Amino acid sequence: MALIVHKYGGTSMGSTERIRSVAQRVAKWVRNGHQMVVVPSAMSGETNRLLGLAKELMPEATTREAMRELDAIAATGEQVSVGLLALALQAQGVPAVSYGGWQVPIETDSAFTKARIARIDDKRVRADLDSGRVVIITGFQGIDPEGHVTTLGRGGSDTSAVAVAAALKAAECLIYTDVDGVYTTDPRIVPEARRLKTISFEEMLEMASLGSKVLQIRSVEFAGKYRVPTRVLSSFTPPDIPIDEEAASGTLITFEEDEKMEQAVVAGIAFNRDEAKISVIGVPDRPGIAYALLGPVAEANVDVDVIIQNVSHDGRTDFSFTVHRNDYARTMELLKTKVLAAVGAADIVGDAKICKVSIVGIGMKSHAGIAAKMFQTLSAEGINIQMITTSEIKTSVVIDEKYMELAVRALHKAFGLEEAKAA
Ligand code: ADP
Ligand code: ASP
Ligand code: MG
C-alpha cells in the first residue's frame, strides 16, 4: 500500500462524464490498496470565464484590493471541481471528502494571483486517509496569514499537487492531463513531436520556465527540492486499464543522470508568446545606467527576462529587454513618464509581437556548436534573430512572433527530435 497523489487538469475534469471517469480511475487505485489524495483543477475554460467576468467589471485590476478579489473569484472554479469529484466517488461507493485550500490548510504568502506555498498542514488529510477516505483538495488555491484566499498563478494546480505530495511524503505524484506525457515540443504545434519516457529534472525545469505549459514551473521546483517522484500521463486512457500499465506510462521526471542512456544533446524545444520587447534608444553609456532603467521596473514588481545592451557609438547605446505581455503597457508608461527624461535617453520603442524559442538539453553542456546550429537553422529559414540568451543547458532566441511555428518545426527537424532515441 502506498500513498499516491493524482492531479487532474481542466480538460480531464471538463464535464460530469469526464469527472465520472476520473472517479472510476481513482476507485481503481483504491481497490489496489492505495491511499489516495486527488488534486483537481477547475473544469476547462472555467478559470478564463471567471476572470473574464472580473475583467468586464474592472479591466485593469492591479491594486492589491482588486487582486484580492480576483483570487476570491478565480478560486471558486476549483471549489466546484472538488465537490463534484467527491460526489462522483461517493456515488460509486468510495468514501471521499473534499477540502478547499483554506480548510487543509495550504498556507501561502500574500502575493495575490501568484502566491507561493509556505506550508501545508497534513494532520486533517492524514486522519481522513487513515479512516479510509479519498481526500480531494482544490488545486490552485491557498490561504494567506491573514486568512485571505490566494491563488498560485495560472496552471497552479500542478504546484498544489506536487506540494501536497511533498508534504505527505507520497510515493508518487501522477499529473494526469490531455496529452500522454512530456513531448520533445508541444505536439499541438509539431505533430511529429515525440513523447519522452523520461526527462531529467533540470531539463523539465528549463522547459517549464521557457514556456512549455505542460507543467507549471513551481511544481517542477517542488519536485526537485523534495525529490517527489513525478510522472505526467494521460487521463484519456480507459479508466480501468491495468494499474501496472498505467503506473509505467507517460513521462517520468528523473533526478539522477542515467549513464546507460544515450543522452540526446537537445531534449526539447520550448516557446513562449507571453513576452514583449522594450528598447530604450540613445541611452548615455555610463556606469549605473542599467540600474537607472531597470531599478524602477523592478520596484514596480515587473520581472525582466532577456536583456541586451549594444556597444556604444559616440557615448550612446541602445538597451533592450523583455517583460511579460501583461506588464508591457504599464512598463512602457512607467519608462516614458518617469525614467526616460531622467536618464537622458532619446526614445523608447516597444514590440509586443515577439516570441522566444529555446532549445533545451543537458547534453549541450558537453557539446560545442549547438547554438551555432540553431542560428544556422533559423537563418536558412530567413528568420531574423533579435536577441539571444544562453545558459549551460539552453539557448533562447527572440524572434518575430509570426515565425514561431516555422522556427519550432525547423529546429525540431534540425536536431533530429522526431527520430526515435533511447531517451
Ligand atoms: P491541464 O489542464 O491538464 O493542466 P495544460 O493545458 O495546462 O493541461 O497542459 C497540457 C498541454 O501542454 C498539452 O495539451 C500541450 O498542448 C501543452 N504542451 C506544451 N508543451 C508541451 C510538451 N513539451 N509536451 C507535452 N505537452 C506540451
Ligand atoms: N484552474 C487554474 C488555471 O486555469 C489552475 C490550473 O488549471 O492548474 O490556471
Ligand atoms: Mg496545466
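Right above here is the structure, for reference.
Here we summarise the structure given alongside this text. None of these values were measured; they are calculated from a predicted model.

A word on the site of ligand 1. Around ligand 1 there are 17 residues in total, and T177, D178, Y183, D186 and R188 lie nearest to it. Contact distances for ligand 1 include 3.0 Å between an oxygen atom and a side-chain N or O atom of K7. At 2.8 Å, a side-chain N or O of D178 approaches an oxygen atom of ligand 1. Contact with the protein chains removes 85% of the 570 Å² of surface that ligand 1 exposes when unbound. Among the residues making up the shell around ligand 1, the classes are represented as six nonpolar, six polar and five charged.

Let's shift gears to the sheet that holds strand β13 (residues 268–272). Spatial ordering of the open sheet is given by β13-β18-β20-β19, a layout of four strands whose pairing is antiparallel. Each of the sheet's edge strands pairs with one partner strand only, and the pair in question is β13 and β19 (387–391). Strand-to-strand, the axes of this sheet are offset by a mean angle of 20 degrees, without reference to chain direction. Judged from the five bridges that link them, β13 and strand β18 (residues 354–360) form a sheet pairing that is antiparallel. By the bridge assignment, N272 is partnered in β18 with K356.

All right, on to the site of ligand 2 then. If you check the shell around ligand 2, you find S41, A42, T47, E78, F140, R154, G155, G156 and S157 and nothing else. In the environment of ligand 2, an oxygen atom lies 2.7 Å from a nitrogen or oxygen atom belonging to the side chain of R154. In the model, an oxygen atom of ligand 2 is placed 3.4 Å from a nitrogen or oxygen of the G156 main chain. When ligand 2 is considered free in solution it has 260 Å² of accessible area, and contact with the protein chains removes 86% of it. Grouping the amino acids of the shell around ligand 2 by side-chain chemistry returns two nonpolar, five polar and two charged.

So, on to the sheet that holds strand β14 (residues 275–284). Pairing between sheet strands relies on hydrogen bonds along the backbone, with the strands arranged either parallel or antiparallel. Within the open sheet, the four strands sit side by side as β15-β16-β14-β17. Their pairing is antiparallel. Of all strands in the sheet, those with a lone pairing partner are β15 (304–309) and β17 (347–351), marking the two edges. Each strand axis lies, on average, 15 degrees off the axis of its neighbour in the sheet, ignoring direction. Inspection of the sheet shows β14 paired to strand β16 (residues 316–324) by eight bridges, in the antiparallel sense. From the neighbouring strand, A276 faces β16, where its bridge partner is V323.

All right, on to helix α1 (residues 16–31) then. With 16 residues, α1 should reach 22 Å at 1.5 Å per residue; the first-to-last C-alpha distance of 22 Å fits that figure. Along α1, the positions that sit buried rather than exposed are R18, I19, S21, V22, A23, R25, V26, A27, K28 and W29. Two residues or fewer past α1, G33 is found with a positive phi of approximately 90 degrees.

Mapped onto the elements of the fold, R18 is located in helix α1. Within the buried core, R18 has no salt-bridge partner, and the shortest N-O distance to an opposite charge, that of E17, equals 7.1 Å. Setting aside chain neighbours within four positions, we find R18 in contact with T11, S12, M13, S235 and F236.

An α-helix turns once every 3.6 residues. As a result, residues three or four positions apart point the same way. Among all positions of helix α13 (residues 404–414), only M404, A407, V408, A410, L411 and H412 are buried. Where α13 is buried, its residues touch β13, β18, α12 (370–380) and β20 (394–400). G416 occupies a position one or two residues after α13 and carries a positive phi of about 60 degrees.

Next up on the list: the packing of aromatic side chains. By convention here, two paired aromatic rings are described through the distance between centres and the angle between planes. Applying the stated criterion across every chain yields a total of four aromatic pairs. Look at Y8 and Y176: their rings are 4.7 Å apart centre to centre, the planes differ by 10 degrees, and that puts the pair in the stacked class. You can see Y8 sitting in strand β1 (residues 3–8) and its partner Y176 sitting in strand β9 (residues 172–177), a full 168 residues away along the chain. Across this residue pair, the class does not change: Y8 and Y176 are buried. Residues F201 and F255 carry aromatic rings whose centres are separated by 5.9 Å and whose planes lie at 45 degrees to one another, so their mutual orientation is tilted. Highlighted residues: F201 in helix α7 (residues 201–209) and F255 in the loop between β12 (251–254) and β13, separated in sequence by 54 residues. One Lys or Arg, R18, reaches over the ring of F236 and ends 3.8 Å from the middle of that ring.

Another aspect to go through is the pattern of salt bridges. Oppositely charged side chains can form a pair if their charged atoms are brought close together. Overall, the coordinates contain 21 salt bridges when judged by the stated rule. Ionic pairing is found between R119 and D121, a salt bridge with its closest N-O pair at 3.9 Å. A salt bridge links E401 to R325; its shortest N-O distance comes to 3.0 Å. In this pair, E401 is assigned in the loop between β20 and α13 and R325 in helix α11 (residues 325–343), connecting sequence segments 76 residues apart. Overall, E401 belongs to the partly exposed group, its relative accessible area being 22%. Taken together, the shared-partner salt bridges in this structure form one network comprising E107, R119, D121 and K123.

Reading the values: rules and limits
Residues numbered from 1 in each chain as written. Chains lettered and ligands numbered in written order. Predicted model: local features only at pLDDT ≥ 70, side-chain atom pairs only at ≥ 80, totals over all residues. Heavy atoms only, no water. Near = heavy atom within 4 Å. Polar contact = N/O pair within 3.5 Å; in protein donor to acceptor, adjacent residues only side chain to side chain. Areas by Shrake-Rupley, 256 points an atom, 1.4 Å probe, with all protein chains shown as cover. Nonpolar A, V, L, I, M, F, W, Y, C, P; charged D, E, K, R; others polar. Pairing = 2+ DSSP bridges. Helix = DSSP H or I, 4+ residues; strand = E, 2+ residues; numbered from the N terminus. Axes fitted to C-alpha atoms, helices over the stretch in contact; angles between N-to-C directions. Expected span 1.5 Å × (residues − 1). Buried < 20%, exposed > 50% of the residue type's maximum accessible area, 1.4 Å probe, protein only. Lys, Arg positive; Asp, Glu negative; His and termini not counted. Salt bridge = Lys/Arg side-chain N within 4 Å of Asp/Glu carboxyl O. Contact = heavy atoms within 4.5 Å. Phe/Tyr/Trp six-rings, centres within 6.5 Å; stacked < 30°, edge-to-face > 60°. Lys NZ or Arg CZ within 6 Å of the ring centre and 35° of its normal.

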